[in-house]
Amino acid sequence: MGTQVHQHVHGLDAASCCAAARDEIVRLEQLWSVFLPNSEISELARRAGSTALSVASDTAAILRLARELHDLTRGAFDVTAGPLIELWRAAARRGIEPTEKALGEALALVNAGDIELIEPQTVRLRRHGQRLDLGAIGKGYAADRCIELYRARGIRHAFIDLGGNVAVLGGKPDGTPWRVGLQTPGRERGECFGWVDVCDASLVTSGNYERGYEFGARRYSHILDPRTGSPLPDDLRSVSVLHASSALADAFATALIVMDTQSAFEFASDFGLAAVLFDAGTIRLSPAMAHCFRSASSRAAVVE
Ligand code: ADP
Ligand code: MG
C-alpha cells in the first residue's frame, strides 16, 4: 500500500499473528491496487461502462461504505476520483499542469453515485473511463481487518500503524492507553503538537502538506477536491480523526481536510466526530475530541 507498516502485538502467538496480518494486508493490496493490472480495481476500470464484475466480499463492503461516505460528506470524499488522480499524476510527470479541457473531462467522470452494486458482490462502474482509487480508505479498512484478526487469535493488546493510520486493540499491557502523537505540519518528523490516548479505537491523520504534485516551484497536496478537480494547496493543515472504525477515521480525515477548516469543524460537531483540526498553528477540537486530546505545549487548544 505504498507505506511502512509497524505492528506491536503482545501475546504468546504474537509473531505468527504479525505474519498473518501482513498476509491480510498483501491480500487486500492485490485486490485494490491501481498499480497492479490484475487487481479488481484495475479490472473494474477496464470494464467501466460495460460489464459487471463479481468481486471479493471485502471489495463489495468497502465500495458500499465509500458510496455512503460520499453522500454523507457531500462529495468531499469520492473514490471515483481515479481519473483526476491519474490526470494530475501524468501531468506532474510531464511537469505541465493539466489543461482546463482535460480537467473538465476527468471531472465529468467523478461521481460515486455511478458505482453500481448490482447484487451483494457484483459491481459495475456506470460510465466508460471511470476508475476507482481507494487510497483514502484502504489503509483504514486494512487496519480494521488486522485488529479483527488479532482479536480472533486471542490477542488483547496490539497496535498497528499503516503509514499514519493507527489502530489499537485494548490498551497497553500495563493497563495504560496507547499514546499517539500528532505530527506538527511543516516541522521535522516526530515533532508533535499534541497527543491522543487511544484504547480499542483508531486515530487517522490526513495532512495536505505531505507528498503531492510538483510543477517547478508549485507544489500541491496528493489530496484533491473531487468537486473542483484541483489538488489542495499544500498549506500547513492536518486533520486527525478518532473513531472505533479505522476505515471511517481514514475516510473522514480525508473528507475533513478537503473541506475548509470552518466547514470541517461544523461537520465534525454535527456528526459527533472526534477531530483535531490543525490550521496554520491553531488547534481546534470538535466537542467529541475535547476530552481525548493533550497539547504538547503550554499553549492551549481551542475548544468549542
Ligand atoms: P494518505 O493515504 O496519504 O494517508 P489520505 O487517506 O487522505 O492520505 O488519502 C489520500 C489518497 O486518496 C490520495 O493519494 C489519492 O489516491 C486518494 N484521494 C485524493 N483525494 C481524495 C478524495 N477527495 N476522496 C477520496 N480519495 C482521494
Ligand atoms: Mg484517508
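The structure this text deals with has already been given above.
Residues numbered from 1 in each chain as written. Chains lettered and ligands numbered in written order. Predicted model: local features only at pLDDT ≥ 70, side-chain atom pairs only at ≥ 80, totals over all residues. Heavy atoms only, no water.

(A) Molecular detail of the pattern of salt bridges. For the coordinates displayed, the defined rule picks out 20 salt bridges. Between Arg145 and Asp58 there is a salt bridge, and its shortest N-O distance comes to 3.9 Å. Residue Arg145 is located in helix 6 (residues 138-152), and its partner Asp58 is located in helix 3 (residues 57-72); the two are separated by 87 residues in the primary sequence. Owing to a relative accessible area of 8%, Asp58 belongs among the buried residues under this scheme. (Salt bridge = Lys/Arg side-chain N within 4 Å of Asp/Glu carboxyl O. Helix = DSSP H or I, 4+ residues; strand = E, 2+ residues; numbered from the N terminus. Buried < 20%, exposed > 50% of the residue type's maximum accessible area, 1.4 Å probe, protein only.)

(B) The site of ligand 1, seen in detail. Every one of the 17 residues lining ligand 1 counts as a neighbour, but Lys139, Ser206, Arg211, His222 and Thr254 are closest to it. Side-chain polar atom of Asp133 to an oxygen atom of ligand 1: 2.9 Å apart, as the coordinates give it. The side chain of His222 places a nitrogen or oxygen atom 2.8 Å from an oxygen atom of ligand 1. Protein coverage of the free-state accessible area of ligand 1, which is 570 Å², stands at 93%. Elements that contribute at least two residues to the shell around ligand 1 include exactly strand 11 (218-224) and helix 7 (246-258). Across the shell around ligand 1, the residue classes tally to 8 nonpolar, 4 polar and 5 charged. (Near = heavy atom within 4 Å. Polar contact = N/O pair within 3.5 Å; in protein donor to acceptor, adjacent residues only side chain to side chain. Areas by Shrake-Rupley, 256 points an atom, 1.4 Å probe, with all protein chains shown as cover. Nonpolar A, V, L, I, M, F, W, Y, C, P; charged D, E, K, R; others polar.)

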